[in-house]
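# Survey of secondary and tertiary structure
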Amino acid sequence: MQRFGLITSDLLQAEMAETVLVIGSGAREHALAWKLAQSAHIKHVLVAPGNAGTASNGKISNSDVPTNDHNQLISFCKSNDISLVVVGPEAPLAAGLVDDLTAAGLRCFGPKAKAAQLEASKSFSKDFMIRHGIPTAKYKSFTNPKEACDFINSADFPALVVKASGLAAGKGVIVASNKEEACKAVNEIMQDKAFGEAGDTVVVEELLEGEEVSCLCFTDGYTVAPMPPAQDHKRLMDGDQGPNTGGMGAYCPAPQISKDLRDQIRDTVLQRTVDGIREEGALYIGVLYAGLMLTKDGPKVLEFNCRFGDPECQVILPLLQSDLYEVIQATIAGGLAGSMPVWLEDHAAVTVVMASGGYPGSYNKGLEITGKKIYVDLLPTQVFSVIADANIISRAFQG
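Below: a short report on this structure. Positions within a chain are numbered from 1, following the residues in the order the chain's sequence is written. Per-residue local features are limited, in this predicted model, to residues with pLDDT of at least 70; the limit for side-chain atom pairs, both in listing and counting, is 80 or more; totals at the level of whole chains, interfaces and linings are taken over all residues. Side-chain figures throughout are based on the complete set of non-hydrogen atoms in the structure, without hydrogens or water.

### Here we look at the overall build of the chain
Counting its secondary structure elements, the chain contains 12 helices and 20 strands. Out of the 399 residues in the chain, the part that is buried amounts to 53%. Taking the intrachain contacts of the chain between residues at least 6 apart in sequence as the baseline, contacts between residues at least 24 apart amount to 67%. Here a strand is any run of E in DSSP of at least two residues, a helix any run of H or I of at least four, and the numbering for each starts at the N terminus. To sort residues, take the accessible area from a 1.4 Å probe on protein chains only and compare it with the maximum for the residue type: under 20% means buried, over 50% means exposed, and anything in between is partly exposed. Throughout, a contact is declared for two residues whenever any of their heavy atoms are within 4.5 Å.

Printed below as a string of structure tokens:
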């Protein structure tokens, strides 16, 4: 009888197995698909457009459905019985993909466009933080390059961080070492259009001193469930030298964040942000990412992202003990408080990134990655690859 019960349960589970669609082409989306594929609830994970690492990989495969055509994507999801859509990158969130999919009756994981302004517009984000008492650097926004440079030269604080207000794939921030460099950055962003339309408005910020950390959480719009804190490295070269990139590697958990500090960040940053955006008429559902600087005056928010970071995702998800599919479903259903995710204790993960020469500037694309294998003895490893934007492989080590 017991054996019969187990067989029946397995058959029922197989009948209930779901097909999930992950939107994106990066190593982050590979990591999401890899973790989702571990769920017994899921029979198949499609990734659109995906990359070499997600092509015909067990329960994971790629799809060529055009993700920027929302109507066509909706038709695809309905005709292929997609039970859940997980949006990886920021651009589709800002474009209202979650709004359109949800309106069509599809279950979708990620914030709607109004909430995604926290990332899509740095100017909106900074104003939001001031309105809701969330600690952040002093700043001012500009649409005129001369006014921005005048502010840099006259500010009573080191106004040396220049940010393109719009989406710039994680590369629209220039940290200057002096006022001359800051003004040069303003002109490169606003006049030379280094980041295109994302730089029509710039935010000039106070340069904060301290260590930078990434604190992410799942949220259903009311409850926040913090993830282990991570730290990524943006500068291209060793010793924090070279230009900022989309991330050259990360590790998790970050030991700089004590339990007390983690609780403080949860209450004064993550929970306050979720409550604030809800009060302004947008229920935030998905992943909220706060990039923080640990200053002598306490943690201050550098920026918000409205999705998993890349490469942070590759070191956070290996530490998730819970079923990611179940966590996502509880988040969408508003039941996160009763189904908080469980994380592995006494474990850590690290990822390193290999990039094509010239990155993050002009670089060759489509090249095959060769060379000696990177490995760590006795530790399980997983390669997360991306081919759509650059020749980048993120290799995660867990132990």
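### Describing the sheet that holds strand 16 (residues 286-295)
Read across the sheet, four strands follow the order 11-10-16-17 without closing on themselves; strand pairing throughout is antiparallel. Taken across any chain shown, the strands that pair with only one partner, and hence form the sheet edges, are strand 11 (224-226) and strand 17 (298-305). Taking the axes of each pair of neighbouring strands and ignoring which way they run, one obtains an average angle of 35 degrees across the sheet. With three bridges joining them, strand 10 (residues 211-219) and strand 11 adopt antiparallel strand pairing. Bridge pairing in strand 11 places C217 opposite P226. Interaxial angle, 0 to 180 degrees, is taken between N-to-C directions of lines fitted to C-alpha atoms, where a helix line uses only the stretch in contact. With respect to the sheet, helix 10 (residues 259-279) is in contact with strand 10, strand 11, strand 16 and strand 17, its orientation differing from that of strand 16 by roughly 130 degrees. One requirement defines pairing of two strands: DSSP has to find at least two bridges between them.

### Points about the packing of helix 8 (residues 145-154) against helix 9 (residues 179-190)
Packing of helix 8 against helix 9 brings their axes to within 9 Å, and their N-to-C directions diverge by 165 degrees. In terms of axis orientation, helix 8 runs roughly antiparallel to helix 9. Where helix 8 crosses over helix 9, the two elements pack in a sense that is right-handed. Each of P145, A148, C149, I152 and N153 in helix 8 lies in contact with helix 9, whose residues at this interface are K179, A182, C183, V186, N187 and M190. Following the grouping adopted for this structure description, the nonpolar residues are Ala, Val, Leu, Ile, Met, Phe, Trp, Tyr, Cys and Pro, the charged ones are Asp, Glu, Lys and Arg, and the polar ones are all others, Gly among them. Classifying every residue of the contact of helix 8 with helix 9 by side-chain character gives eight nonpolar, two polar and one charged. For classification purposes, an angle smaller than 35 degrees is called roughly parallel, one larger than 145 roughly antiparallel, one from 65 to 115 roughly perpendicular, and anything else oblique. Left-handed is the label given to a crossing in which the near helix is rotated counterclockwise from the far helix by less than a right angle, and right-handed is the label when the rotation is clockwise.

### Quick look at the sheet that holds strand 8 (residues 173-175)
Reading across the sheet, the four strands line up as 6-9-7-8 and stay open at both edges, with antiparallel pairing between neighbours. Two strands close off the open sheet at either side, each with one partner strand: strand 6 (139-142) and strand 8. The sheet shows a mean angle of 20 degrees between the axes of neighbouring strands, direction not considered. Relative to strand 9 (residues 202-205), strand 6 runs antiparallel, the two sharing four bridges. What sits directly across from Y139, in strand 9, is E205.

### So, the packing of aromatic side chains
A pair of Phe, Tyr and Trp rings is counted when the ring centres sit within 6.5 Å of each other, with Trp represented by its six-membered ring. The angle between the planes then sorts it: under 30 degrees is stacked, over 60 is edge-to-face, the rest tilted. Applying the stated criterion to the full structure yields six aromatic pairs. Ring plane angle 45 degrees and centroid distance 6.4 Å describe the contact between F109 and F218, whose orientation is recorded as tilted. Placement of F109 in strand 5 (residues 108-109) and of F218 in strand 10 is noted, with a sequence separation of 109 residues between them. Assigned by exposure class, F109 and F218 land together as buried. Taken together, a centroid distance of 5.6 Å and an interplanar angle of 70 degrees make the contact between Y359 and Y363 edge-to-face. Members of the aromatic cluster, joined through ring pairs, are F109, F218 and F308.

### Some words on the environment of A40
On the secondary structure map, A40 appears in the loop between helix 2 (27-36) and strand 2 (42-49). Counting along the chain gives 22 residues from A40 to E18, while the straight-line C-alpha distance between them is 9.2 Å.

### Describing the nonpolar core
As used here, the term nonpolar core means buried Ala, Val, Leu, Ile, Met, Phe, Trp, Tyr and Cys residues forming a set that is joined through side-chain atoms within 4.5 Å. Counting 46 residues, the largest nonpolar core has L21, V85, L118, V269 and F304 as the members making the most contacts within it. Among the elements that make up this core, the one with the highest residue count is helix 10 (six residues). Ignoring anything within four residues of it in the chain, the contact list for L118 reads F124, S125, F128, T273, I277, Y284, L288, F304 and C306. One finds V20, A27, L319 and I332 within the second-largest nonpolar core, a separate group that totals 40 residues.

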